Amino acid sequence: MALSDDIATPWLSIVGIGEDGLDGLSAKARALLTQAELVIGGERHLTMVSALGKPALPWRVPFAETLPEVLAQRGRKVVVLCSGDPFWHGAGAVLADHLAPGEWTALPAPSTFAWAAARLGWRLENTITLGLHAQPLAALRSYLRPKAQLIVLVRDGAAVAQIAAYLTTAKFGGSQFTVLEALGGPRERVRQASASALAFSDITAPVALGIGVAAEPDAAIIPITAGLRDALFQTDGQLTKREVRAVTLSSLAPSGGELLWDIGAGSGSIGIEWLLAARSNRAIGIEARADRLANARANAEALGVPQFDLRLGEAPEALADLPMPDAVFIGGGASRPGVLEAVWQALPQGGRLVVNSVTLESEALLIAWHARYGGELLRLGVERAAPVGGLTAWRAAIPVVQWSVRK
């Protein structure tokens, strides 16, 4: 967004405020509030600064609904109050996405994560930090591994109880919970209990939760490498097997902040592992069968990536109007007329395409496309030891031909 000629100085100040209210603000932050023609914030924040007598606008939840009213104030001196650091699970980034750099300034305060780490004595750089205000509890799942330390922002005490029940059901009930309320202010309170024994009924917002993860011996741990165990997936048999999946993810080369199209998603395993590779990744899965789509959705939920955007449809028709991908995986339907052509046209320069095939017809197609566009052609064979009669012998899986290319 370009700056207009009449914007010479920032009109919007994004100010972080802690539970100590006005007393904890710097002189510069207080000066911005004194000069403000309008103060915008949550009801709790506005109460903290009500003594200044400034015109106030409470924001709605989610904050994005208040955004048009904020932007309509251009030309006035406006302060938006946010909890702690506005750019760490806060409204700061939402605002900045709609403003030119010269339109705003920001004064962050210590984040709730910083306060929580200070109370817990944890190294913040080694701690997993999550905001679950608007996310399903399943977003926790992939981080539940022994010795992990999590600091989680939640909406209220009911959410803390739900997380405790979720961990207990998933066989992480021995995890140590530290409930941290109103950190840095006069109402601060810190209490501990295990997830399975949590019984606090008077937890009040704002609240953060420190979780020291402990797993029962038979808890399912989601590893951080590609190639999850096949048994972790609910499937009717349409599943890219572990060894081939590991090679496929290596060929797709996820690097964070990227969008994958998973065409012929089946059980969803490729899209799920793409999302597990980096928190900032996105994925859209296309599957023609409703029963398999249901399996993929169940797997995404169970493995901690409920954000997987799974859609019922068939390529190439289902690809129309999708956002531009950074990478595409075709696990089924490559030989359908127009699929490879549509994908190739949609890929930007530098985009990656990986296609797996188990039929002679689609293998011949991949050989032709490889001859035309280059890339790498592999034939992957896996043999597993299995009982044969009373003995053990090697049993070969159906070979997979893989074509991978960077446009």
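Residues numbered from 1 in each chain as written. Predicted model: local features only at pLDDT ≥ 70, side-chain atom pairs only at ≥ 80, totals over all residues. Heavy atoms only, no water.

A.B. asks: Explain the side chain of Asn 281 to me, using residue names and the numbers behind them.
C.D. replies: Relative to the elements of secondary structure, Asn 281 occurs in the loop between α8 (269-277) and β12 (282-287). Within polar-contact distance, the side chain of Asn 281 engages the backbone nitrogen of Gly 256 at 3.4 Å. Only 3.1 Å separates the side chain of Asn 281 from the backbone nitrogen of Gly 257, close enough to count as a polar contact. (Helix = DSSP H or I, 4+ residues; strand = E, 2+ residues; numbered from the N terminus. Polar contact = N/O pair within 3.5 Å; in protein donor to acceptor, adjacent residues only side chain to side chain.)

A.B. asks: Break down helix α10 (residues 339-346) for me, citing the residues and quoting the values.
C.D. replies: Every buried residue of α10 is listed here: Val 339, Leu 340, Val 343 and Trp 344. Looking straight down α10, one finds that the buried residues subtend no more than 125° of arc, so they occupy a single side. Looking at the buried positions of α10, the neighbouring elements they touch are β11 (259-263), β14 (327-330), β15 (352-357), α11 (360-373) and β19 (400-406). (Buried < 20%, exposed > 50% of the residue type's maximum accessible area, 1.4 Å probe, protein only. Arc of directions from axis to C-beta. Contact = heavy atoms within 4.5 Å.)

A.B. asks: Explain the sheet that holds strand β5 (residues 104-107) residue by residue, including any values.
C.D. replies: One open sheet holds the five strands; their spatial order is β3-β2-β4-β1-β5, and the pairing between them is parallel. The two strands at the open ends of the sheet, each matched to only one other strand, are β3 (56-58) and β5. Pairs of neighbouring strands in the sheet enclose a mean axial angle of 20°, with direction left out of account. (Pairing = 2+ DSSP bridges. Axes fitted to C-alpha atoms, helices over the stretch in contact; angles between N-to-C directions.)

A.B. asks: Explain the domain arrangement of the protein chain to me, using residue names and the numbers behind them.
C.D. replies: Domain parsing of the protein chain yields domain 1 (12-109), domain 2 (113-213) and domain 3 (230-406). When each unit is reduced to the centre of its C-alpha atoms, the spacing between domain 1 and domain 2 is 27 Å. Contact residues are listed per partner, giving six residues for domain 1 and 14 residues for domain 2. Here domain 1 meets domain 2 over a buried area of about 690 Å², counting both sides, of which 64% is carbon and sulfur. Ranking the residues of domain 1 by area buried against domain 2 places Glu 19, Trp 88 and His 89 at the top, with a combined share of 74%. Applying the counting rule to domain 1 against domain 2 returns one salt bridge. For Arg 187, the salt bridge goes to Glu 19, with nearest N and O atoms at 3.5 Å. Seen at the junction of domain 1 and domain 2, the total is zero residue pairs in polar contact (both at pLDDT 80 or more). Taken together, the residues of the side of domain 1 that touches domain 2 sort by class into two nonpolar, one polar and three charged. (Domains from an automatic or database assignment. Buried area = accessible area lost by both parts, 1.4 Å probe. Salt bridge = Lys/Arg side-chain N within 4 Å of Asp/Glu carboxyl O. Nonpolar A, V, L, I, M, F, W, Y, C, P; charged D, E, K, R; others polar.)

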